[in-house]
Every structure is written in C-alpha cells, then in structure tokens.
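# Topology and contacts: notes
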Amino acid sequence: MQGPVTFEAHGDIGVIRVNNPPVNATSAAVRQGLVAAANAFAASDQKVAVLMADGRTFIAGADIKEFGKPPVEPHLPNVIHHIEALDKPVICVIHGTALGGGFEVALGSHYRVAVPGARIGLPEVNLGLIPGAGGTQRLPRLTGMIAACEIFTTARQVKADESLSLGIVDAVIDATPLEAGMQFARKILDDGLPVRRVSEMDVAPYDDVDLDALRAKTARANKGHVCHLRGIDVAVEGTKLPFAEGMKLERQGFWDLMQTPQRAAMIHAFFSERAVASLPELKGVAPRAITHVGVIGGGTMGGGIAVACLLNGLTVTLIERDVEAAANARAGIANTLADSVKRGKLKPERREALLADALTTSDDYATLADADLVIEAVFESMDVKKDVFTKLDAVCKPGAVLATNTSYLDVDDIAAITRRPADVIGLHFFSPAHVMRLLEIVVAAKTAPDVVATGFALAKALKKVPVRAGVCDGFIGNRILKTYRTAGDHMVLEGASPFQIDKALVEFGFAMGPYAVSDLAGIDIGYLTRQRLLPTRDPCERIADWGDVLYHKGRLGRKTGHGHYIYDEKSPKGRPDPEVEEIIAAERAAKGITPRSFTDAEIVERYMAAMINEGARVVGEGIALRPLDVDVTLLYGYGFPRFRGGPMHYADYIGLDKVLATIEREARTDDFFWQPAPLLQRLVAEGRDFSSLNGG
Ligand code: 3H9
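Report follows, based on the coordinates. (Residues numbered from 1 in each chain as written. Predicted model: local features only at pLDDT ≥ 70, side-chain atom pairs only at ≥ 80, totals over all residues. Heavy atoms only, no water.)

## Describing the sheet that holds strand 9 (residues 171-172)
The strand order across the open sheet built from six strands is 1-2-3-4-6-9, with neighbouring strands paired in mixed fashion. The sheet is open, and its two edges are formed by strand 1 (5-10) and strand 9, each paired on a single side. As paired elements, strand 4 (residues 90-94) and strand 6 (residues 111-114) share four bridges and run parallel to each other. Residue pairing in the sheet places Ile94 in a bridge with Ala114 of strand 6. Of the strands in this sheet, strand 1, strand 2 (13-18), strand 3 (48-53) and strand 4 touch helix 1 (residues 28-43), which is tilted by about 25 degrees from strand 1. (Pairing = 2+ DSSP bridges. Helix = DSSP H or I, 4+ residues; strand = E, 2+ residues; numbered from the N terminus. Contact = heavy atoms within 4.5 Å. Axes fitted to C-alpha atoms, helices over the stretch in contact; angles between N-to-C directions.)

## Remarks on the site of the ligand
In the neighbourhood of the ligand, 27 residues make up the surrounding shell, with Arg56, Gly101, Glu104, Glu124 and Arg274 lying closest. Between the ligand and Arg56, the relevant distance is 2.3 Å, taken from an oxygen atom to a side-chain nitrogen or oxygen of the residue. One of the side-chain N or O atoms of Glu104 is found 2.7 Å from an oxygen atom in the ligand. Summarising the interface, the protein chains cover 74% of the accessible area of the ligand, which totals 1,000 Å² for the free molecule. (Near = heavy atom within 4 Å. Polar contact = N/O pair within 3.5 Å; in protein donor to acceptor, adjacent residues only side chain to side chain. Areas by Shrake-Rupley, 256 points an atom, 1.4 Å probe, with all protein chains shown as cover.)

## A look at the packing of aromatic side chains
This structure, assessed with the given rule, holds 18 aromatic pairs. Relative to Phe640, the ring of Phe508 has its centre 6.2 Å away and its plane inclined at 80 degrees; by these criteria the two rings are edge-to-face. Residue Phe508 is located in helix 19 (residues 498-508), and its partner Phe640 is located in the loop between helix 25 (627-637) and helix 26 (647-654); the two are separated by 132 residues in the primary sequence. Residue Phe508 is classed as buried on the basis of its relative accessible area of 5%. On the basis of an interplanar angle of 85 degrees and a centroid distance of 5.2 Å, the ring pair of Phe508 and Tyr650 is categorised as edge-to-face. Taken together, the positions of Phe508 in helix 19 and Tyr650 in helix 26 put the pair 142 residues apart, joining distant regions of the chain. Each member of the pair, Phe508 as well as Tyr650, carries the same accessibility label: buried. Taken together, the ring pairs in this structure connect Tyr484, Phe508, Phe510, Tyr607, Phe640, Tyr650 and Tyr653 into an aromatic cluster. It is Arg532 that lies over the ring of Tyr408; its NZ or CZ is 3.4 Å from the centre. The ring of Phe508 has Arg644 sitting right over it, with the charged end atom 4.0 Å from the ring centre. (Phe/Tyr/Trp six-rings, centres within 6.5 Å; stacked < 30°, edge-to-face > 60°. Buried < 20%, exposed > 50% of the residue type's maximum accessible area, 1.4 Å probe, protein only. Lys NZ or Arg CZ within 6 Å of the ring centre and 35° of its normal.)

Following this line, the structure appears as structure tokens:
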C-alpha cells in the first residue's frame with residue numbers, strides 16, 4: 001500500500017501504520033488510508049491488528065488546515081466507525097500525544113495501549129469546537145460522564161498512568177510502540193480476547209448534582225465561549241439516545257460550532273502562535289549555545305526571569321548591587337520556587353537542588369565571565385542601563401549575548417554604549433516572568449542574526465511565545481497599550497466612568513479592564529510614563545490628569561489598597577471608589593466638559609478602533625512583521641480574548657471599512673489623536689484585509 005497509511009503482516013498480527021509528519025494529523029489521505037488499511041486487514045489472514053503511528057507522536061487530531069474548507073470524504077466519524085465495526089480486534093498504541101480525532105481513533109479501536117510518557121486529550125475547545133468524531137459519545141462510556149466532560153471541557157492532557165486508572169487504556173507497556181502493540185496483540189491471541197466496542201457499552205450512572213457543579217465551573221472558567229457547555233449538552237443528551245443517534249447530535253454540534261467566528265478566531269490564534277516562532281529571516285541561522293544565563297537585578301522582573309530559567313534547566317547567576325540585595329533576591333526566588341512546590345508543579349528535592357546547584361547570587365559582575373547570555377532587568381533609566389552595559393562589556397566573554405529587558409527604552413542607544421552592538425538585543429518579558437508566556441524579542445539595528453536566533457531559542461527553552469519587534473517607544477505591546485488606554489481616558493473625560501469601561505471590556509472578553517490592570521501594575525507606572533513623555537507632548541494632545549491626582553494622593557493601586565478601586569477585606573478583588581468619580585468630575589468641570597453617557601457598545605467600538613489603528617501603524621512601520629504578530633502580542637501579553645483571535649483578526653471580522661469609519665468619525669472632534677494609519681487606509685482602498693498580509 002502507498003500513501004500515509006500502510007498495512008503489514010507480522011505472522012498472525014497485522015500492523016496498520018500511520019506516517020504523516022509532523023504530527024500524523026488525519027488529513028483526507030490519512031482517512032482514506034485508514035479505511036483501505038482496515039479493509040486490507042479484514043480481507044487478510046491476520047487475526048488481530050495493531051494500529052500505530054510513526055514519528056514523534058500518535059495522531060494529533062484532525063488536520064486543522066482543512067477546517068473552514070469544504071469537507072472531503074471519508075469523514076473521520078465514518079472512518080472510526082469502519083474500524084470499530086471490524087470483526088477482528090484492533091489494538092491502538094498511543095505514544096506522544098493522542099489528541100482530538102487521534103484520541104477518537106483510539107476510542108474506536110477495540111483495545112488501547114499506552115507507552116510511558118504518552119498523553120491523551122480532547123483539545124477541540126481550544127479551537128472553539130467540541131470533539132466531532134465520537135469523543136463526546138464514547139469517552140463517557142469508558143470513564144463515566146463527569147470525568148469525560150471534565151477532560152474535554154478543560155482540554156487537559158491525561159498522562160498514561162491516569163488514563164489507565166480511568167479505564168481509558170487497557171495497559172501501559174514500557175517498550176517501543178510497535179513492540180508494545182505486538183505484546184498486547186499476542187496476549188489477545190493467547191487469551192482469545194474478542195472484539196470489544198466502546199459504542200456498545202453503557203454509561204455508568206452519575207449524579208446530576210455533580211454534573212450541575214461541573215457545568216457551573218465550566219461556565220465560570222470560560223466566559224464568552226460558546227463551545228464548552230454545548231459539549232456537555234451533546235455528551236449528556238446524546239448518550240441517552242441509541243449510539244448512532246448520539247453521534248448525529250454530536251455531528252450537529254460540531255458543524256454548528258464550525259460556522260462560528262469563535263472557531264475561526266481560535267484557529268487563527270493556533271496557527272499565529274506557531275507562525276511567530278518560525279521567522280523566515282532565521283531559516284538556516286544557528287543560535288548560539290545557552291546553558292548559563294546571567295540576570296542583572298533581583299526585583300520582581302529579574303527574579304521572575306531567573307525562576308523561568310531555573311525551571312527550564314538553565315544555570316543562573318543573578319547580580320545585585322550589594323550582598324544584602326543579592327541575599328534578598330535569593331530569598332525571593334526561593335519563595336517563588338516554594339510556591340511552585342505548593343502548587344504541585346515542582347518536587348521539593350528539585351527545588352533544593354536548583355537553589356544549591358543551579359543558582360548563584362552575587363554582587364560581583366566578574367562572576368558573569370562565562371555566562372552565555374546576560375539579561376539586564378534593572379530600573380528603567382537610560383543612565384542606569386548604560387552603566388550596566390558598560391560593566392557587562394568589560395566582563396562578559398566574546399560571543400556572549402547581552403540582553404536588555406527594557407519595556408520602552410531605545411535598544412540601539414543601549415547597544416551603542418558597548419563595543420559589541422551586534423551581540424545586543426532586547427528581551428522584553430512580562431510580569432510575572434515565570435508565568436506570562438509572551439516574550440518580545442526586540443531586534444536593534446546592529447543585532448546579529450544568530451543573536452536573534454538565540455533569543456528565539458531561549459524563548460523555546462523557556463516555553464514562551466516569542467514575537468519579533470522593532471525598536472520604538474514601547475515596542476509592539478506597550479506602544480499599542482498606551483494608545484488604547486489613552487482612548488479610554490478620553491472617554492472618561494467625556495463622561496464614561498472607568499468602571500463602566502472596565503465592565504464593557506470584560507464583557508467583550510478581556511481578562512480585566514484597563515483601569516483594573518493599572519491598579520494591578522501600579523498607578524505609579526502610568527504616572528512615570530507620562531512624566532517621561534512630558535517633554536515630547538504636543539500642545540494639541542488631549543491630556544487626562546486624574547491619574548496624576550491619584551498618584552499624588554498615594555493611591556497607587558492594589559499595593560496601597562486604593563487605586564481606581566478599593567481593595568480591602570470586603571472586596572479583595574476591588575470595588576469602585578466613588579472618590580475617583582469625584583476627582584474625575586472635578587477635572588471635567590475645570591476643563592468645561594459637560595459629561596455625556598456612553599453605551600457599552602460605543603466604548604468597545606472606540607477602544608478597539610484605537611487599538612487596531614495603532615496595530616496597523618506598528619505593522620506599517622515594520623515594528624511588527626505581520627498583523628498576526630500584533631495579535632499574538634495582545635493575546636499572550638495583554639489578556640485579549642482568544643476567542644476573538646486578536647485585534648487585527650477582529651478588525652477583519654468586523655470589516656476594516658467600519659474601523660476606518662469609526663476613526664474618521666472621531667477625528668471630527670479630535671484630529672490629533674484619531675489619525676488613520678496609512679496601512680489601514682490603503683487596505684480599505686484596495687478592498688483587502690489584514691489577513692492578506694499574514695502570508696502562507
Ligand atoms: C479535531 O481533532 C476534531 C475532531 O474531534 C473531529 C474531526 C471531524 N492539524 O505544535 P507544533 C502542525 S481538532 C494540522 O509546533 P509540538 C503545526 O501547525 C484537532 N497541523 O509541535 C506545526 O506546523 P509548522 C485536535 C497541525 O511538538 C507542526 O504541526 N487536535 C496540527 O510543539 C508542529 O506542531 C489538536 O488541537 C493539526 N491537528 O506539539 C492538536 N497539529 O511546523 C493540536 C499540529 O508548519 N496540536 N500541526 O508550524 C498540538 O497541540 C501540538 O501540535 C502537538 C505537538 C502537541 C501535537
């Protein structure tokens with residue numbers, strides 16, 4: 001047999017082998033191949049078949065690239081039904097990850113074997129979908145309803161041992177996938193085990209109270225998403241019907257969801273997350289080797305970066321200005337690692353080993369002599385940064401990468417202070433650095449390609465999502481943030497309350513609104529940014545002052561118990577503070593503004609138009625490579641709702657002409673702030689959208 005699926009005979013045992021790199025997705029050719037291989041097995045003398053995959057993983061699911069295109073037969077549920085209907089046993093061997101349709105192929109097999117390290121999961125909800133090839137109907141028959149719904153609504157990957165205890169796999173066998181399958185096949189032959197179809201099993205009785213609790217938890221955890229609860233309904237209602245009817249219900253749910261903008265947005269997010277990590281300019285460029293990382297500064301950011309490196313197998317030397325500060329930094333890192341132990345993410349003995357063997361804290365720059373990469377995370381002042389880079393230039397070995405974690409300063413200026421600007425790069429982490437997945441990789445004018453490649457390799461090692469950014473104030477993320485936050489401030493001056501703006505944006509799907517975020521980050525940060533930019537301010541700029549008033553009153557946000565919101569025992573997550581409204585009202589009165597009311601829709605429309613317009617500028621100026629790089633930045637660093645795909649994808653969805661119309665309307669009252677980005681104007685004139693610039 002030719003193609004991605006083959007059938008081979010090994011004595012009494014047949015082997016159906018899938019080989020469709022990189023992840024064995026069930027493309028049309030694989031589906032056709034599986035049917036042909038099942039037919040070949042049925043017609044053969046072999047008494048039992050092993051179904052396995054070559055390469056690093058079992059089938060990782062349906063081929064997502066086919067979604068949104070006209071479906072091609074045979075459909076996966078029918079392929080799986082064809083395998084399950086065979087009257088000779090099929091054993092599926094899982095290695096790597098059996099995900100989505102891949103796991104559903106396993107559920108349609110008569111027996112399942114995992115090798116150690118294998119994981120199974122139904123991650124369709126991450127794509128705005130539900131399992132569509134029997135997952136909602138077969139899994140509850142194996143594990144019970146509650147466990148099954150929990151697995152597909154959380155999209156979590158279940159390890160081999162847990163799969164065994166849940167009854168998902170019949171055995172975990174420590175061997176190569178082929179050998180594991182052969183061992184189990186011989187057992188089937190020896191014991192005369194029959195065909196065993198999951199679709200013919202009954203769902204164990206369950207308690208509605210548990211189901212209601214799961215529904216409530218799922219709804220809370222996935223606000224705004226449409227797929228999760230639909231999945232539970234399909235599983236519950238479908239399994240009350242004969243199996244074939246249940247499958248129809250599942251198919252209907254799957255296809256309904258396939259038509260939703262959420263599905264398109266989440267698949268855009270999936271492919272964009274991967275596209276940012278493989279830069280065309282880095283093809284064939286080898287990164288420099290990194291095992292020992294230096295970190296300058298042991299504050300929240302430096303400590304977080306150190307923890308991220310330690311947890312991912314790198315050796316860290318952290319430098320502070322004196323011995324006492326170095327000891328405090330060590331204590332901070334020890335505490336963060338203790339939290340990881342508490343949350344079950346780290347073994348206590350591993351924590352001890354990391355602190356004893358992998359972490360050095362010192363006040364002596366000379367200890368960085370053999371570091372492969374040094375990340376500076378000190379106070380945001382050009383003078384302080386230049387002082388650090390002068391010292392690094394003096395002590396670091398030739399070829400060491402020198403990185404700054406600045407969030408807005410000019411990386412070219414920092415590089416210029418050294419004798420090796422080609423080795424200098426910006427690595428902009430987001431706080432807390434061991435948790436947040438975004439890493440902006442800021443490429444300065446003279447940064448060498450292999451230094452850029454090293455930034456991307458570091459991101460991979462730290463399991464971060466890297467986005468290439470050019471040099472400008474705030475790079476991609478903070479530059480766009482400043483613009484949309486200003487749009488929010490203008491609405492507040494005109495009459496909206498910060499609390500209404502936050503509420504409207506949370507309803508839109510953001511994790512938090514901008515004023516709650518400002519309280520979390522510290523109101524001092526915004527104040528210091530405004531102070532820094534004061535000399536560059538244009539007299540035409542509309543400026544809101546209430547943030548400065550809050551700062552001078554010492555209301556710095558969560559850390560002082562007061563910011564825009566009040567944080568106390570009564571409301572640990574914050575409640576609106578009427579005094580803030582009074583401060584704002586006083587400013588409006590002083591400026592002669594008569595407040596007007598805003599609808600939530602108006603707030604979202606304006607806020608998003610500002611975000612999209614600045615995103616278009618950032619792309620137009622080459623600061624971001626493509627619109628998708630802006631989307632990934634906002635998704636991973638700024639709490640943008642994944643089910644909307646990112647601001648540029650959202651703009652395509654609502655229509656670029658509509659966005660431009662909003663900007664032009666607002667420009668009638670403020671043509672300084674609302675200047676349409678040339679790229680946006682050009683795309684509208686040409687009848688194109690942002691996705692046309694994403695390539696591939
Ligand atoms: C489903 O199954 C629906 C069914 O219920 C019903 C159907 C009727 N398709 O992530 P990586 C590409 S929904 C097409 O970097 P890793 C990926 O784009 C599906 N392509 O590797 C990348 O391409 P490139 C449910 C896919 O080792 C390359 O493979 N399944 C697919 O870090 C390597 O990927 C999922 O949602 C796919 N399904 O991680 C699983 N998957 O090199 C999604 C990957 O050109 N996949 N590619 O950039 C994953 O979670 C990870 O890829 C995996 C490997 C864990 C498998």
